[in-house]
Amino acid sequence: MEREPRGAAFFRLEGAITPFPAWHGARWLSTRAASVRRRALGGLISLVSAARTSHPALGSGLDGTRSLWRGLEQFSRDRLEVLGADFAETVLLPSVDDEAKRLLDLARDAGRTPVLIAETIAAVAVPLASALGIEHVVSNRLELEDGVATGELAEPALGPELDPRRLRDIAEGLGVSLAVSAAYGASSADRLLLGAVGLPCGLHPDAELARVCRDLGWPIVGSARSGVRQAFLDGFSEASR
Amino acid sequence: MSELKVRGSLAGKHVLVTGVTGFLGKVLVAFLLEHELVARITVLARGKRFKDARARIAEALTRSPAFRSLRAAHASHPGGLGGWLEGRLDVVEGDAKEPHLGLSPAVRASLESRIDVVVNVAGLTDFSPDPVDGLAVNVHGALAAAELAQACRGRRLLHVSTCFVAGGVDGAVPEAVSLGDDGDARSPNGTRFDPEDELRAIESLCRGVSGKHADVSDARRARIDAGTLRARSLGWPNLYTYGKALAELLIVSRQRRERSALRVSMLRPSIVECARSFPFAGWNEGVNTAAPLVWLTGTMHRRMPFSAGHVFDVVPIDEVVKGTTLALAGLCREDAPALEVLQVATGDHNPFDYRRVLDLTALARRRQYARSHDAFERVVLQHLDSVIWDVAAEDDPVLPALKSGVRTARDLLVGFDVEHWLPRGPRARRGSSASSPGETSIADRIQSMAGRAAKQLGQASRTIGQVAEMLRAYQPFVFDHDPRFETKRMRALSASIGAGERAAFAVDTGSIDWRDYWMNVEIPGLDRWSLPLLRGERVPDDEPISLGRALDVFAAGEEQSEGDVAYAGDAE
C-alpha cells in the first residue's frame, strides 16, 4: 500500500514569525562588536546595506543580504553565537505573536514538519527555532577562519527570495512533498516560496503580497501590515525614497 | 601502562593530608571521603585564632560548602556526620611552618607506624609572600613532609606543587624535574645551581636584609624585594613559583643523594579554578588567579595587556582532585616508580587562549549587566567590552598618567578653599554676624562637596595604582611567556583506569567546553565565592550543622581515641 506523502510547513522568519527584518539583527549584532571602531563601522555597514535591500534603485536581493553581514567581520564564533542567542531570546522571541504560534501548532497537528526559512544567520535563527520547537532551519551562515568571522556568507547564501530549486532540494532532503506542504510568507519576496507549495498562506503580509494573495486566492492570516507594524518594516524603505 | 585500579590501590590505606583548610585540601578530603577510597585520613592542621586544629577541621566539615554533599549524604547517620567519620578521619595538631611539621616525637613515632602515604597539599599561594614565611611553608614544610613520609611505614609522598615551577619559559614543559644526574638543577633561564646552596643563599639573604631594618614592616618589604629579585635573576617570576620549584628540587635531590626508599609523586596543577561538578558547579574559595582579571573586565578598565594567543592554563578544581586521586592510587601500587611527575593542565590538549578568555568574560558581563537594575551597569558598563592591548603592563603609559591626573585633581581639591573664590562682599561677611544663612550654607556645601570629591579621587587613585600593580604582577603569565604544560603522563594514567572506574575518577580536561565552563560555571562561581572578597565583603558559609560526635584526635601510642575536647562542630 502506497504511503501518503509527508508535507512540511515553511515559515519565513522575517515578517511572518517576527516583525523584524534581517537588517535589524545585523545592526543589533554589529553594534555589539568588542571594539568601538568595529561597532561604528559595523553599524554603518548594516544601515547602508539595509538601504540597499529596501530600495530597488540601490540594488537588492542576494547582494544586499551579503553586504548586510559584512559588519560582523572579526566577530569570534563565541561572540556570534552568544550575542545571536541573546538577540533571539530578548528581541525576536518576545515579538513572535499568537497567530504565528497557532499556525506552528496547527502545522504540527496536521503532521507537517515545521521549517524555519531565515535570511538572518544561523547564530540567530537556530536558538529562536529551538525556542519555538522547530527542528529544521534554513538560514545563512557566516564563514569562519580560525573561529573568526570573515564577514562573508557561506554558500549557498539565502537572500530575501528563496530559489525554488533550493526549496526542492530542501524538501527532498527532508523527504517531504511540496505539493502537500504549506508555506507562510510575509513580503512580496516570498511569492516564489508560496508559489512553490500546495498550501500557500500570507501571514501578516505586506501590501504587495496581500494583493497577490487576494489575486491568487491564497489565504491571509493576520492583518495585512499597517500602522506601526507597517511603518516599522517599511520605514527605512520609505525614508530612503 | 597496566590497568590502574583506583579503589584496589587505595583500599586499606591510611593517608596523612596537610593543607586541609585550603581550597584544594578541602575538596580532596571531601572527594576521598565521599568515594570512601582510603581506610583512614589523618588531617594535619594547626590551631588558629583561638581554635585548635580539631575545632578548625570540625568547622570546615560542618560549615564549608566543600563538604555540602558529604553532610547531606550522612545527615541521617545515627551519630550524625561525626559518627560516620569515626574511624575514617582524625585530626593531628601540627604546623607546616614548624620543624618536623610541629609534631611531638611521640605523635611522630605513632604516625610513622601507621601512615602509608603523606599527601602534602599545604602551601602559601601568594605570589609575593614574605620569603621567611614562603620558605617555611613551601620549602621547609614540604621537606618535613618528605622526611615524615620517608620514616612512615608506606614510604610514599604525594607532593602537590604547581606547573608554574617551570618559571618564565615558552613552549613545552615536560612532566619532569629539571635536576641533572650530578645533582645540579637548571633554573628556567638555564643557570646551573645546587638547590641546597640556593636554599642557604636565600635564607642568608633574608637574614642579611632583615638585619638592616629596625622596622618590622620595612624589613618584610625589603625581604620580599630582595627575594623577588633573586627569584627573577634565576628566571622565576615571583617568590611563589621559586619556592615551589626549590621544594621539588630539594625533595628529589635529597631522595637521590640518600638513595632512600621513598617514592615520590609530584602533582602539578596549573591554575586551579571553579569546580565543574564536585563538590558542586562553581565552587571556589578565596581569591585565586582568575578572580582579579575577571573583576577587572567588569570595571571601566577596557584595555587588557595580554598576549592574545597565549594560553590561560586553567583547570577546574575537581579535575585537579581527580588527578591527585589518580596520582595517589598510582603511588600506592607496588611497582610505583621512585619519582613520578604528573601535570594537570589543559594547554597542550584543550587550549584556552587569552583572546577567548577576554571575549567570553566580556560576553558574560554584558549579559549580566543587561539584566542589572543598576542604570550605570545597564547603560554604560554593559557596552564597555574589554579588548586585548598588545603592550606589556610595565610599558603601559595610560594607567600611570591616569593615576597622576587623578592625584593632581585630588590635590587641587584638597587645597580648595571656598573663601578664596567668594566675591569680596560675601567673603568679608563670612563668619561674621552680617553674613546671611543662605550665603554660609552654599559656601559650606561647596566646601564639603570638594572634600568628598577629593576623598573619592584619592580612592580612585589608589584603585588605579592597585590595578597597575596587579597587571604588572600578572605580566609574566599573561604577556611575557607562553608555557605549554605537557600532560602525557597524566592522560596516560587516566586512560589506564578500568572502564568501571573511569566515570568517577578519570581526568577529563579534554572535554571542557570553555564557553560553557567560563560563562556558566567560572564567572558565576567567582561572582558568588571570590569577587565579594576582593570588595572586602564576606562570603557566608553554609548554615552549620551539628557534627553529632566530636572528631577523633590522632593520639600517640593509642590505636585511636576520641579526644576530651567537647567541641562537636555545633554552631558558634
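Up top is the structure.
Before going into details, it helps to say that this report is about the structure given with it. Only a predicted model underlies this, so the values are computations on that prediction, with no experimental measurement involved.

1. A few points about the environment of Arg549 of chain B
Residue and element names in this part refer to chain B.
And then number 1: With respect to the helices and strands, the residue Arg549 is situated in the loop between α22 (531-534) and β16 (552-553).
And then number 2: Assessed through its relative accessible area of 16%, Arg549 is described here as buried.
And then number 3: On a C-alpha basis, the gap between Arg549 and Trp84 in space is 8.9 Å, while along the polypeptide they are 465 residues apart.
And then number 4: A polar atom in the side chain of Arg549 sits 3.4 Å from the side chain of Glu86.
And then number 5: Within polar-contact distance, the side chain of Arg549 engages the side chain of Asp552 at 3.1 Å.

2. Looking at the nonpolar core
And then number 1: Membership of the largest hydrophobic core comes to 96 residues, with the highest contact counts inside it found for Phe11, Trp69 and Ile121 of chain A together with Phe312 and Trp518 of chain B.
And then number 2: A total of nine residues in this core trace back to one element, the largest contributor, which is helix α18 (residues 437-480) of chain B.
And then number 3: Not counting chain neighbours up to four residues away, the residues in contact with Phe312 of chain B comprise Ile271, Ala290, Leu293, Phe352, Asp353, Tyr354, Val357 and Trp518 of chain B.
And then number 4: Counting 66 residues, the second-largest nonpolar core is a separate cluster that includes Leu24, Ala45, Ile57 and Ala60 of chain B.

3. So, a nonpolar patch on the surface
Residue and element names in this part refer to chain B.
And then number 1: Together, Val287, Leu533 and Leu534 make up a nonpolar patch on the protein surface, roughly 210 Å² of accessible area in all.
And then number 2: One can find Leu533 in helix α22.
And then number 3: For Leu533, a relative accessible area of 34% translates into the label partly exposed.

4. Some thoughts on the packing of aromatic side chains
And then number 1: Applying the stated criterion to the full structure yields 20 aromatic pairs over all chains.
And then number 2: Geometrically, the ring pair formed by Trp28 of chain A and Phe87 of chain A is tilted, given 5.1 Å between the ring centres and 45° between the ring planes. Taken together, the residues Trp28 of chain A in helix α1 (residues 22-30) and Phe87 of chain A in helix α4 (residues 77-95) connect sequence positions 59 residues apart.
And then number 3: Given a relative accessible area of 12%, Trp28 of chain A falls into the buried group.
And then number 4: An aromatic cluster is present here, built from Phe306, Phe312, Phe352, Tyr354, Trp514, Tyr517 and Trp518 of chain B joined pairwise through their rings.
And then number 5: For the cation-ring pair, Arg32 of chain A lies above Trp28 of chain A, with the distance from its terminal atom to the ring centre recorded as 3.9 Å.
And then number 6: Above the ring of Trp389 of chain B, the side-chain terminus of Arg303 of chain B is found at 3.9 Å from the ring centroid.

5. Examining helix α13 (residues 354-370) of chain B
All names here are of chain B.
And then number 1: Given a rise of 1.5 Å per residue, 17 residues ought to cover 24 Å, and the 24 Å separating the end C-alpha atoms of α13 matches this to within 8%.
And then number 2: Of all 17 residues in α13, twelve are buried, a share of seventy percent or more.
And then number 3: Sitting at the head of α13, Asp353 places a side-chain oxygen 3.2 Å from the backbone nitrogen of Arg355.

6. With respect to the pattern of salt bridges
Residue and element names in this part refer to chain B.
And then number 1: What the rule picks out here adds up to 49 salt bridges over all chains.
And then number 2: The residue Glu198 makes a salt bridge to Arg230 at a minimum N-O spacing of 2.7 Å. Of the two residues, Glu198 is situated in helix α8 (residues 195-211) and Arg230 in helix α9 (residues 216-234); the sequence distance between them amounts to 32 residues.
And then number 3: Its salt-bridge partner being Glu319, residue Lys322 comes within 4.0 Å of it at the nearest N-O pair. Here Lys322 and its partner Glu319 are both found in helix α12 (residues 317-331), three residues apart, which amounts to about one turn of the helix.

7. Thoughts on the side chain of Asp130 of chain B
And then number 1: In this structure, Asp130 of chain B sits in the loop between β4 (117-120) and α7 (131-151).
And then number 2: Not counting residues up to four positions away in its chain, the partners in contact with Asp130 of chain B are Arg220, Arg223 and Ile224 of chain B.

8. Here we look at the sheet that holds strand β7 (residues 199-203) of chain A
Residues and elements named next belong to chain A.
And then number 1: Read from one edge to the other, the open sheet built from six strands follows the order β3-β2-β1-β6-β7-β8, with strand pairing classed as parallel. The sheet is open, and its two borders are formed by β3 (136-140) and β8 (220-221), each paired with just one other strand.
And then number 2: Pairing analysis gives four bridges linking strand β6 (residues 182-185) to β7, with the strands arranged parallel. Its bridge partner being in β7, Ala182 is matched across the sheet by Leu199.
And then number 3: Running at roughly 150° to strand β2 (residues 113-121), helix α6 (residues 122-132) makes contact with β2 and β3 of the sheet.

9. As for the pairing of strand β5 (residues 148-153) of chain A
All names here are of chain A.
And then number 1: Across three bridges, the pairing between strand β4 (residues 142-145) and β5 is antiparallel. Directly across from Glu145, in β5, lies its bridge partner Val148.
And then number 2: Remark: two residues form the turn of the hairpin made by β4 and β5, two consecutive strands paired antiparallel; Asp146 in that turn has positive phi of roughly 55°.

10. Quick word on the interface of chain A and chain B
And then number 1: Taken together, the contacts link 16 residues of chain A with 14 residues of chain B.
And then number 2: Here chain A meets chain B over a buried area of about 1,200 Å², counting both sides, of which 40% is carbon and sulfur.
And then number 3: On the chain A side of the contact with chain B, Asp78, Arg79 and Val82 of chain A bury the most area, a combined 43% of that side's loss.
And then number 4: At the boundary of chain A and chain B, one finds eight salt bridges.
And then number 5: Across the pair Arg515 of chain B and Asp78 of chain A runs a salt bridge whose closest N-O atoms are separated by 2.8 Å.
And then number 6: Across the chain A-chain B interface, the total number found is ten residue pairs in polar contact (both at pLDDT 80 or more).
And then number 7: For the side of chain A that touches chain B, the secondary-structure elements that each account for two or more residues are α2 (36-54) and α4 of chain A.
And then number 8: With nine residues, the single largest contributor to the side of chain A that touches chain B is α4 of chain A.
And then number 9: Looking at the side of chain A that touches chain B, its residues break down into six nonpolar, two polar and eight charged.

Criteria and cut-off values
Residues numbered from 1 in each chain as written. Chains lettered and ligands numbered in written order. Predicted model: local features only at pLDDT ≥ 70, side-chain atom pairs only at ≥ 80, totals over all residues. Heavy atoms only, no water. Helix = DSSP H or I, 4+ residues; strand = E, 2+ residues; numbered from the N terminus. Buried < 20%, exposed > 50% of the residue type's maximum accessible area, 1.4 Å probe, protein only. Polar contact = N/O pair within 3.5 Å; in protein donor to acceptor, adjacent residues only side chain to side chain. Core = buried A, V, L, I, M, F, W, Y, C linked by side-chain atoms within 4.5 Å. Contact = heavy atoms within 4.5 Å. Patch = residues over 30% accessible without salt bridge, like charges linked within 9 Å, V, L, I, M, F, W, Y side chains within 5 Å. Areas by Shrake-Rupley, 256 points an atom, 1.4 Å probe, with all protein chains shown as cover. Salt bridge = Lys/Arg side-chain N within 4 Å of Asp/Glu carboxyl O. Phe/Tyr/Trp six-rings, centres within 6.5 Å; stacked < 30°, edge-to-face > 60°. Lys NZ or Arg CZ within 6 Å of the ring centre and 35° of its normal. Expected span 1.5 Å × (residues − 1). Pairing = 2+ DSSP bridges. Axes fitted to C-alpha atoms, helices over the stretch in contact; angles between N-to-C directions. Buried area = accessible area lost by both parts, 1.4 Å probe. Nonpolar A, V, L, I, M, F, W, Y, C, P; charged D, E, K, R; others polar.

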